[in-house]
Amino acid sequence: MNKLLAMEVFVQVVDAGGFTRAADLMQLPKASVSTMVAALEKSLSVKLLHRTTRNVSVTSDGAAYYERCLQILSDVREAEESLSTNRASPRGRLRVDCSTAIAADIIIPALPDFFTRYPDIALELGCGDRPVDLVEEGVDCAIRGGILPDSNLVARRIGVLQFITCAAPAYLATRNPPLHPNDLAGHFCINYFSSKTGKIFEWDFVRGEETIVTGTPSNLAVNDSVAYMRAGLAGLGILQAPSYAVDRHIANGALVALMSDWVTSPLPINVVYPQNRHLSAKVRVFVEWVADLFADTPGLRLG
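Computed from a predicted model, the values in this text were never measured in an experiment. Chains are numbered independently. Their residues run from 1 in the order of the written sequence. Per-residue local features are limited, in this predicted model, to residues with pLDDT of at least 70; the limit for side-chain atom pairs, both in listing and counting, is 80 or more; totals at the level of whole chains, interfaces and linings are taken over all residues. Hydrogens and waters are ignored; side-chain quantities use all the structure's heavy atoms.

Q: Describe in detail the environment of Lys30, supporting the description with residues and values.
A: Along the polypeptide, Lys30 turns up in helix H3 (residues 30-44). Here's how the labels work: a residue is buried when its accessible area is under 20% of the maximum for its type, exposed when over 50%, partly exposed in between, all with a 1.4 Å probe on protein chains only. You can call Lys30 partly exposed: its relative accessible area is 49%. As for Lys30 and Leu5, which are separated by 25 residues in sequence, their C-alpha atoms are 15 Å apart. Residues count as neighbours in contact if any of their non-hydrogen atoms are within 4.5 Å of one another. Once residues lying within four places of it in the same chain are set aside, the contact partners of Lys30 are Phe19, Thr20 and Ala23. Runs of E in the DSSP output that reach at least two residues are strands. Runs of H or I that reach at least four are helices, and both are numbered from the N terminus.

Q: Got a sec to walk through the pattern of salt bridges? Specific residues and values, please.
A: Put simply, a salt bridge is a Lys or Arg side-chain nitrogen that is within 4 Å of an Asp or Glu carboxyl oxygen. Tallying each qualifying case throughout the model produces 9 salt bridges. Residues Arg207 and Asp261 are paired through a salt bridge, measuring 3.0 Å at the closest nitrogen-oxygen approach. Here Arg207, found in strand S9 (residues 203-207), pairs with Asp261, found in the loop between strand S13 (256-257) and strand S14 (267-274); they are 54 residues apart in sequence, far enough to count as distant. By relative accessible area, Arg207 is classed as partly exposed at 33%. Looking at Asp261, the relative accessible area reads 41%, which means it is partly exposed. One connected set of salt bridges, linked through shared partners, spans Arg93, Arg95 and Glu124.

Q: Describe the packing of helix H5 (residues 100-117) against helix H8 (residues 243-251), and please don't skip the residues or the numbers.
A: Running from amino to carboxyl end, H5 crosses H8 at an angle of 60°, the nearest separation of the two axes being 10 Å. Between H5 and H8, the interaxial angle falls into the category oblique. Together, Ala101, Ile102, Asp105 and Ile106 of H5 and Tyr244, Ala245 and Arg248 of H8 make up the contact between the two elements. In the scheme used here, Gly and all other residues not listed as nonpolar or charged are polar, with Ala, Val, Leu, Ile, Met, Phe, Trp, Tyr, Cys and Pro taken as nonpolar and Asp, Glu, Lys and Arg as charged. Across the contact of H5 with H8, the residue classes break down as 5 nonpolar, no polar and 2 charged. Simply put, an axis is a line fit to the C-alpha atoms, just over the touching stretch for a helix, and the angle between two N-to-C directions goes from 0 to 180 degrees. Under this scheme an angle from 65 to 115 degrees is roughly perpendicular, one under 35 degrees roughly parallel, and one over 145 degrees roughly antiparallel; angles in between are oblique.

Q: Explain the nonpolar core to me, and be specific about the residues and the numbers.
A: Ile107, Ile143, Trp289 and Phe294 are the most contacted members of the largest nonpolar core, which totals 57 residues. Examining the composition of this core, we find that 9 residues originate from one element, helix H9 (residues 281-295), more than from any other. Setting aside residues up to four positions removed in sequence, Ile107 forms contacts with Cys98, Ile102, Leu125, Ile143, Trp289, Val290, Leu293 and Phe294. Buried residues of nine kinds, namely Ala, Val, Leu, Ile, Met, Phe, Trp, Tyr and Cys, make up a nonpolar core once their side-chain atoms join them within 4.5 Å. Of all hydrophobic cores here, the second largest spans 23 residues; its members include Ala23, Leu25, Tyr65 and Tyr66.

Q: Hey, could you go over the sheet that holds S13 for me, with residue numbers and the actual values?
A: Adjacent strands of a sheet form backbone hydrogen bonds with each other and so pair up, either parallel or antiparallel. Ordered by their spatial adjacency, 3 strands build an open sheet running S12-S7-S13, and the pairing between neighbours is antiparallel. Only two strands of the sheet have a single partner each, and these edge strands are strand S12 (239-242) and S13. Relative to S12, strand S7 (residues 163-167) runs antiparallel, the two sharing 4 bridges. Across the sheet, the residue bridging to Ile164 is Ala241, located in S12. In this scheme, strands are said to pair when DSSP sees at least two bridges between them.

Q: I'd like a description of helix H1 (residues 3-16), backed by residues and values.
A: Compared with an ideal rise of 1.5 Å per residue, which puts 14 residues at 20 Å, H1 spans 20 Å between its outermost C-alpha atoms and is within 8% of the ideal. All buried positions along H1 are accounted for by Ala6, Met7, Val9, Phe10, Val11, Gln12, Val13, Asp15 and Ala16. Two N or O atoms form a polar contact when they lie within 3.5 Å of each other; inside protein one atom must be a possible hydrogen donor and the other a possible acceptor, and for residues adjacent in sequence the pair counts only when both atoms belong to side chains. Between a side-chain oxygen at the N-terminus of H1 and the backbone nitrogen of Leu4 the separation is 3.2 Å; the capping residue is Asn2. In the segment just after H1, Gly17 is the residue with positive phi, at about 80°. To estimate how far a helix should extend, the number of its residues minus one is multiplied by 1.5 Å.

Q: Quick one: what's the story with H9, residue by residue and with numbers?
A: Here H9 is 15 residues long and its end C-alpha atoms lie 21 Å apart, about the 21 Å a rise of 1.5 Å per residue gives. Along H9, 11 of the 15 residues are buried, which leaves the element largely enclosed by surrounding structure. Inspection of H9 places Ala281, Lys282, Val283, Val285, Phe286, Val287, Trp289, Val290, Ala291, Leu293 and Phe294 among the buried residues, and these make up the whole buried set.

Q: Tell me what's going on with unusual backbone geometry, and back it up with residues and numbers.
A: Although it is not a glycine, Gln27 adopts a positive phi angle of roughly 55°. As for its placement among the helices and strands, Gln27 is situated in the loop between helix H2 (19-26) and H3. We note that Ser45 has phi near 55°; this positive angle belongs to a residue other than glycine. Position of Ser45 among the secondary structure elements: in the loop between H3 and strand S1 (49-51).

This is a description of form; function is not addressed.
Here it is in structure tokens:
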């Protein structure tokens with residue numbers, strides 16, 4: 001039995017919550033995955049997993065062994081990378097998830113530089129505003145905006161989103177532009193709702209020591225960042241969108257900035273990844289690359 005491979009399989013089964021999903025992620029037959037875990041249990045004379053017809057759960061001994069496996073596998077990976085002549089050119093599949101807008105506006109235009117630096121990485125870029133479970137879905141890292149919930153993910157702050165309240169000239173031709181957040185009561189606003197909870201996000205405004213958090217009247221709400229921008233450009237109402245996404249539209253007259261004396265609270269952007277992947281060379285170089293990319297992008301950079 002290849003003990004290291006068996007450890008990797010066991011860790012993947014625990015992370016994925018089952019043999020079928022682990023087999024899919026590792027591109028192995030399900031029978032091979034089950035056989036390797038069984039052989040591992042036999043060699044240790046310990047039951048690592050509880051198996052039922054509906055799910056798989058880790059035993060108390062299995063949980064302790066899982067933590068040790070994570071450390072051992074990380075140490076092996078680090079040792080291999082430290083000696084590899086290909087350390088500067090990591091290889092393999094890298095799965096990244098981010099919002100459609102950030103992918104389209106920021107990541108994809110810069111990818112020629114990334115592939116020039118790392119030609120042996122095969123990038124799978126998941127785009128969408130639906131929160132993903134990195135472990136369950138086999139994602140190596142994700143770019144997420146907002147306050148992160150407590151989790152077992154490692155997070156690195158790489159930027160902030162600054163928002164601008166604006167509208168298309170076609171919309172403003174139908175009514176007077178708002179001068180104060182309270183004036184929004186007499187307007188149509190384009191709302192954004194959570195793909196996970198369905199909750200409509202409130203808008204916030206700050207001017208000096210004054211802060212206003214408010215819901216906005218609307219006959220349209222969407223849950224996709226690209227659709228949100230399209231709705232604003234179509235003149236369907238007032239929107240509050242990241243400055244990196246609207247600055248060019250304001251510059252060419254497609255949108256008009258409103259209430260410029262009021263600003264919004266900046267939203268942090270983090271790149272997150274599971275703890276057991278933080279030593280992966282391909283994850284490490286991507287995190288460093290995207291951090292530098294955001295630092296060079298107006299409207300996203302920290303500080």
